[in-house]
There are 2 protein chains.
Amino acid sequence: MNYGVVIKVLGNLLAVEAVSMIPALALAIYFDEGDKVAFARCIVMMLMLGYIASQAPQGKKKIKAKEGLTIVTLGWVVVSFFGSLPFVFSGSIPSLIDAFFETVSGFTTTGATIINDIEVLPRGILFWRSFTHWIGGMGILVFTVAILPAMGVGSFQLFKAESPGPVADKIVPRIKDTAKLLYKTYVIITVAEIILLMLGGMNLYEAALHTFGTVGTGGFSTRNASIGAFSSPYIQVVIAVFMIMSGVNFSLYYELYKGKWKDVFKNEELRLYLSIIGISVILIAININTQVYQNIGVSFRHALFQVSSIITTTGYATVNFDEWSTFSKGILFMLMFVGGCAGSTGGGMKNIRILVLLKLIKREVSKILHPRAVISVKVADRAVPPDTLAGIASFFVLYMAIFALGTIVISLEGISLISASSAVAATLGNIGPGFEFVGPATTYSKFSNPSKLLLSFFMLLGRLELFTVAILLTPRFWREEI
Amino acid sequence: MNYGVVIKVLGNLLAVEAVSMIPALALAIYFDEGDKVAFARCIVMMLMLGYIASQAPQGKKKIKAKEGLTIVTLGWVVVSFFGSLPFVFSGSIPSLIDAFFETVSGFTTTGATIINDIEVLPRGILFWRSFTHWIGGMGILVFTVAILPAMGVGSFQLFKAESPGPVADKIVPRIKDTAKLLYKTYVIITVAEIILLMLGGMNLYEAALHTFGTVGTGGFSTRNASIGAFSSPYIQVVIAVFMIMSGVNFSLYYELYKGKWKDVFKNEELRLYLSIIGISVILIAININTQVYQNIGVSFRHALFQVSSIITTTGYATVNFDEWSTFSKGILFMLMFVGGCAGSTGGGMKNIRILVLLKLIKREVSKILHPRAVISVKVADRAVPPDTLAGIASFFVLYMAIFALGTIVISLEGISLISASSAVAATLGNIGPGFEFVGPATTYSKFSNPSKLLLSFFMLLGRLELFTVAILLTPRFWREEI
């Protein structure tokens with residue numbers, strides 16, 4: 001392992017994070033609130049540490065898979081640790097573990113919170129809290145669309161049509177090009193939502209913060225009642241639509257921009273994603289209409305909002321959906337596992353994996369009918385290689401295994417099985433709220449410190465596509481030269 | 001489709017079932033209870049119907065995959081329907097749907113019951129009820145070990161070392177040989193348990209009925225409190241040991257008989273199965289000892305019993321484990337999915353599939369370390385073919401999909417999510433009791449008729465390895481000539 005290069009990159013990352021804290025500092029100074037000193041201290045400290053680390057002797061310049069994997073996981077941890085310091089220094093979140101949980105939750109765009117009263121916190125702190133979603137969302141876009149395929153990790157190679165596999169010296173320019181396009185799209189969507197929310201009567205500050213939570217599919221709000229605090233149906237629908245948009249593969253926006261409407265319309269993952277949303281909204285709307293609201297318009301709006309919020313793994317709430325019937329909650333629970341599309345800011349397993357796995361089942365049925373036929377699983381008219389199929393299947397199994405074992409460990413808290421399992425599903429899938437003990441009307445504050453750390457770990461695990469993190473836990477990774 | 005041959009085989013099956021009712025009739029006559037007329041009527045009717053059906057013109061004698069699959073699923077349904085008639089005719093279970101549920105539960109060796117007071121029923125009826133477990137257990141052994149591989153369906157080819165694939169004219173003798181061996185082993189284990197239970201003070205009748213429930217991994221008892229009614233630790237331990245034995249691949253007993261102790265000891269599926277049991281027993285014993293019993297011996301016994309009962313998918317209970325802590329219940333819930341070994345009477349996903357899937361994950365990690373290496377998944381030192389891997393992965397995904405969607409549908413009953421999900425897991429995995437609404441201290445009687453039918457369907461689906469049944473639901477199966 002080339003530790004020099006790892007430390008150097010982490011140092012650079014820290015410097016970038018320090019710079020990204022400046023808007024929060026500016027806001028704190030503008031409002032002249034108590035958190036300004038905390039931000040100033042953090043920024044100076046991080047710049048200094050970042051500079052020192054960036055001077056590490058890096059030896060050979062080449063970053064190999066081993067360094068790459070270490071940087072990604074460690075980077076997320078380091079950034080979360082330092083990002084939590086403003087919360088601690090300002091006294092907003094006195095406990096370091098709580099602050100770490102909150103910041104991991106922010107950067108992984110989970111949106112699970114340990115803050116019981118958000119509304120008393122200074123505005124600079126709240127800005128930083130929501131801004132971590134926005135940074136995290138951008139980070140994950142670049143990570144899954146550009147870095148993962150370049151490292152040959154995971155099953156995402158499949159989804160980048162232009163990617164002919166990593167060709168050593170061409171990686172860097174392609175990553176940069178892709179990243180630049182993603183940044184642009186991300187910024188455009190962000191600005192659009194802020195404007196639309198302001199047209200609905202929100203002030204710039206709240207419009208921006210809720211947009212960060214939306215486009216990053218994070219879910220942090222400035223209000224204790226989440227989006228329920230904004231009774232305007234317009235605002236709720238705007239946020240719902242932008243959540244759905246943020247769960248779409250971002251490269252499709254580029255296709256749209258290039259006028260390839262047909263390709264976008266034929267995209268199978270998009271179709272599955274929208275179909276699941278459509279069916280879920282209809283089923284839940286009918287169910288909650290008879291059970292709770294007795295008004296089809298209101299029922300439809302809340303169903304649309306909640307379904308969009310959960311499937312995109314955002315986690316905003318307009319109502320306490322934990323009070324809905326088991327049927328509606330069951331659907332939402334299942335959506336927690338589906339998640340957004342590949343190449344979006346959404347978490348979960350991703351629709352493309354569900355799509356491939358459904359096709360795998362279909363093929364198995366065909367094989368019983370025609371045992372001797374060779375049938376390939378096709379996505380976008382191209383056969384999915386057996387290795388990719390095995391990779392996707394492994395991902396699904398590992399996801400369920402972590403979910404099951406995680407639930408058992410978390411249940412040591414003495415909470416109900418639904419509380420424990422939904423807490424694990426909601427962190428592993430980067431959603432935020434779950435049910436009962438972690439329902440939308442409550443927070444993660446009542447967990448013990450070990451559980452908070454474990455749940456933070458799950459957020460990271462889910463965000464980094466499991467294997468990227470899991471591999472660091474194997475002795476082989478550290479033993480072998482790769 | 002050659003309907004003649006299907007009807008003919010079903011007719012023969014009906015005749016066999018009629019004969020298998022004779023012991024129950026004899027018992028009813030011996031005790032001179034009200035159910036004797038019901039049995040007599042059923043037997044005469046079934047023999048007549050069976051004879052008529054067996055006269056169906058069968059055309060070509062050869063049974064192809066299409067007929068085979070239809071016979072298997074339809075056979076299970078027909079046998080369950082006629083097997084339920086003694087319950088209805090005797091007035092023991094007035095509702096036909098309830099009686100059907102109970103009989104499907106019996107033949108699939110699930111053990112889920114709709115009878116709230118078992119102890120008032122006539123002994124002939126109770127004998128028949130438990131005997132369906134014994135017949136079902138034997139049926140499933142022959143089905144999974146002999147018939148499925150011969151039809152080339154599912155992923156069980158893997159586990160029969162001697163099976164070189166179906167060679168047309170050699171199938172019948174091999175099925176017969178294998179079946180004969182299985183029968184022998186099954187009968188020996190049955191007799192052994194009956195004797196051991198009688199040595200513990202049970203009378204022959206109760207010893208036999210509980211043995212049927214054990215070796216078939218069914219779970220029907222003659223007592224409302226299940227095995228909790230027998231306070232003798234000896235009896236509880238004997239049943240626990242025989243449950244574990246019945247969850248083992250039966251071909252291993254033949255290996256043992258041939259003196260191949262080493263092969264048995266090296267069997268990876270057996271090792272995984274015993275490891276899961278061992279770890280679960282220890283964790284639960286410690287947990288319930290501090291939480292409930294404060295006596296390590298008692299805690300260990302109940303943990304051993306409940307873990308064995310759930311993982312083998314039997315469903316007997318010595319205590320109301322629904323009152324245990326979430327941690328212990330979480331482990332039991334997970335064991336519902338694991339199930340027994342392939343080639344045993346146990347249900348669930350089977351340990352061999354879990355084993356292969358764990359190895360698939362391990363390979364995925366290795367692949368990240370060595371992207372260009374070709375690494376095969378090996379069981380018993382032989383590479384698992386990619387098609388079999390895909391088959392096992394599809395099975396896992398389909399199992400989880402049915403579990404999730406089934407839970408949502410069943411939750412329309414207005415019960416809790418744990419009730420709905422454990423009811424689906426407990427029927428799909430052929431376990432019997434679940435948690436809360438379907439806990440060990442309650443029954444399935446409170447479900448609506450549609451739910452009872454759906455849960456019966458899940459029992460069948462799980463018992464017949466999903467795809468065997470699922471394929472009959474595809475239009476292609478009926479349209480295409482195969």
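One can find the structure itself at the top, above this paragraph.
Within each chain, residue numbers correspond to sequence positions counted from 1 in written order. All chains are assigned letters beginning with A, and all ligands numbers beginning with 1, in the order in which they are written. At least 70 in pLDDT is required for a residue's local features to be given in this predicted model, at least 80 for side-chain atom pairs to be given and counted, and no such filter applies to totals for whole chains, interfaces and linings, which use all residues. As a convention, hydrogens and water are excluded, and side-chain values are obtained from all of the structure's heavy atoms.

Visitor: Can you help me understand the packing of aromatic side chains in this one?
Guide: Two descriptors summarise a pair of aromatic rings, namely the distance from one centre to the other and the angle between the planes of the rings. Stacked, tilted and edge-to-face pairs are distinguished by plane angle, under 30 degrees for stacked and over 60 for edge-to-face with tilted covering the rest, among Phe, Tyr and Trp rings (Trp via its six-membered ring) whose centres lie within 6.5 Å. Counted according to the given criterion, the structure contains 51 aromatic pairs over all chains. With centroids separated by 6.2 Å and ring planes inclined at 80°, the aromatic side chains of A:Phe31 and A:Tyr205 adopt a geometry described as edge-to-face. Of this pair, A:Phe31 sits in helix α2 (residues 22-31) while A:Tyr205 sits in helix α8 (residues 204-215), and the two are 174 residues apart along the sequence. Within the aromatic cluster, the residues linked to one another by ring pairs are A:Phe321, A:Trp324, A:Phe333, A:Phe337, A:Phe395, A:Tyr399, A:Phe403 and A:Phe435. Placement of a positive charge over a ring is assigned whenever Lys NZ or Arg CZ falls within 6 Å of the ring centre and within 35 degrees of the normal to the ring plane. Above the face of the B:Phe31 ring, B:Arg123 is positioned so that its terminal group lies 3.8 Å from the ring centre. The ring of B:Phe395 has B:Arg353 lying over it, and the distance from NZ or CZ to the ring centre is 3.5 Å. Numbering of helices and strands runs from the N terminus; a helix is a DSSP stretch of H or I covering at least four residues, while a strand is a stretch of E covering at least two.

Visitor: Whenever I open this one, a nonpolar patch on the surface confuses me. Can you help?
Guide: Residue and element names in this part refer to chain A. On the surface, Val187, Val191, Ile195, Leu199 and Tyr234 cluster together into a nonpolar patch covering about 450 Å² of accessible area. In terms of residues, the nonpolar patch owes the most to one element, helix α7 (residues 171-199), which gives four residues. As for its position among the elements, Leu199 is in helix α7. Burial classification: accessible surface area is computed with a 1.4 Å probe over protein chains only, and a residue below 20% of its type maximum counts as buried, one above 50% as exposed, and the rest as partly exposed. For Leu199, a relative accessible area of 64% corresponds to the exposed category. Here, patches come from residues exposed beyond 30% relative accessible area and free of salt bridges, joined within 9 Å for like charges and within 5 Å for nonpolar side chains (Val, Leu, Ile, Met, Phe, Trp, Tyr). Areas reported here follow the Shrake-Rupley algorithm with a probe of radius 1.4 Å; residue values treat only the protein chains shown as occluding. Throughout this description, the term salt bridge denotes a Lys or Arg side-chain nitrogen within 4 Å of a carboxyl oxygen of Asp or Glu.

Visitor: Just to check I follow, could you spell out helix α9 (residues 233-246) of chain B for this structure?
Guide: Two residues of an α-helix separated by three or four positions point the same way, owing to the 3.6 residues in each turn. To estimate how far a helix should extend, the number of its residues minus one is multiplied by 1.5 Å. The end-to-end C-alpha separation of α9(B) is 20 Å, in line with the 20 Å expected for 14 residues at 1.5 Å each. Within α9(B), the full set of buried residues consists of B:Ile235, B:Gln236, B:Val238, B:Ile239, B:Ala240, B:Phe242, B:Met243, B:Ile244 and B:Ser246.

Visitor: Just checking my understanding: could you explain the interface of chain B and chain A for this structure?
Guide: Much of the literature gives interface size as the accessible area that the parts lose upon coming together. It only takes one pair of heavy atoms within 4.5 Å for two residues to be counted as in contact. If you look at the interface, chain B gives 47 residues, while chain A gives 47 residues. Throughout, buried area stands for the accessible area (probe radius 1.4 Å) lost by two parts on being put together, summed over both. Between chain B and chain A, a total of about 4400 Å² is buried, with carbon and sulfur atoms accounting for 79% of that surface. Its largest share of buried area at the contact with chain A, chain B owes to B:Ile368, B:Leu369 and B:Leu417, together 15% of the area lost on that side. Viewed at the interface, chain A and chain B are joined by two salt bridges. With a shortest N-O distance of 3.2 Å, A:Asp387 and B:Lys367 are connected by a salt bridge. Two N or O atoms count as a polar contact when they lie within 3.5 Å, although within protein this holds only if one can serve as hydrogen donor and the other as acceptor, and sequence-adjacent residues are included solely when both atoms are side-chain atoms. Linking chain B to chain A there are eight residue pairs in polar contact (both at pLDDT 80 or more). Only α14 (326-338), α15 (351-369), α16 (386-410), α17 (417-428) and α20 (475-479) of chain B provide two or more residues apiece to the side of chain B that touches chain A. For the side of chain B that touches chain A, the leading source of residues is α16(B), giving twelve residues. Charged means Asp, Glu, Lys or Arg here, nonpolar means Ala, Val, Leu, Ile, Met, Phe, Trp, Tyr, Cys or Pro, and polar covers whatever is left, Gly included. Taken together, the residues that form the side of chain B that touches chain A break down as 29 nonpolar, eleven polar and seven charged.

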